[in-house]
Amino acid sequence: MLFTLIAHLFIIKLRRMLTAATNSPGPVPVIASPVSADEYRNAIIQAKNSQPVNNPNIRAYPEEPQQVLTIGLIKILIEPFMAKVGQAFERINYLLQSAAASFCSHTKKKMAAVIGMAT
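Presented here is a report on the structure given in the accompanying data block.

Quick notes on the rules
- Residues numbered from 1 in each chain as written.
- Predicted model: local features only at pLDDT ≥ 70, side-chain atom pairs only at ≥ 80, totals over all residues.
- Heavy atoms only, no water.
- Helix = DSSP H or I, 4+ residues; strand = E, 2+ residues; numbered from the N terminus.
- Buried < 20%, exposed > 50% of the residue type's maximum accessible area, 1.4 Å probe, protein only.
- Areas by Shrake-Rupley, 256 points an atom, 1.4 Å probe, with all protein chains shown as cover.
- Expected span 1.5 Å × (residues − 1).
- Arc of directions from axis to C-beta.
- Core = buried A, V, L, I, M, F, W, Y, C linked by side-chain atoms within 4.5 Å.
- Contact = heavy atoms within 4.5 Å.

What follows concerns the overall build of the chain. Secondary structure summary: the chain contains four helices and four strands in total. In the chain, the succession of α and β elements from N to C terminus is α-β-β-α-β-β-α-α. Looking at the chain as a whole, 18% of its 119 residues are labelled buried. Surface summary for the chain: the accessible area is close to 8800 Å², and the carbon and sulfur share equals 61%.

This is how it looks when you write it as structure tokens:
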């Protein structure tokens, strides 16, 4: 029980330490609070046309640092207890790269479909 608590606290600390501040726009705008689908679609069209997004709840990129590692990825990192660090980093690198590629591909495809249907 104590080991589980220590591992959980370690995971939380790692997630906080390994946050990333995004300074460039991503494939889709980020919402700060709930917005309607029409507002979001308009923001995507504005961003696609290199126009500034004029909705205060929609931003080109998040203002706060975003957590890069999920609990599952950190679990992979601490499972081998640093005995096989190279393999753990390769697995994490692969999962992060494939997740990022999938997210960008999926969101661009979905937004293209939404914009195509609306116009």
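From this point on, the discussion continues.
Another aspect to go through is helix α2 (residues 37-48). In this model, α2 (twelve residues) spans 16 Å end to end at C-alpha, consistent with the 16 Å of a helix rising 1.5 Å per residue. For α2, the full list of buried residues reads Tyr40, Ala43, Ile44 and Gln46. Seen from one end, α2 has its buried residues packed into an arc of 165°, which puts them on one side. Facing away from the buried side of α2, by more than 90 degrees, are the exposed residues Ala37 and Lys48. One or two residues past the end of α2 sits Ser50, with phi positive at roughly 60°.

Okay, the nonpolar core next. Within soluble globular proteins, side chains that are nonpolar generally end up buried alongside one another. Membership of the largest hydrophobic core is limited to eight residues, which are Ile11, Leu14, Leu73, Ile74, Ile76, Leu77, Ile78 and Ile92. Elements with a minimum of two residues in this core: α1 (2-17) and α3 (71-78). Here this core gets five residues from one element, more than from any other, and that element is α3. Not counting residues up to four positions away in its chain, the partners in contact with Ile11 are Ile71, Ile74 and Ile78.

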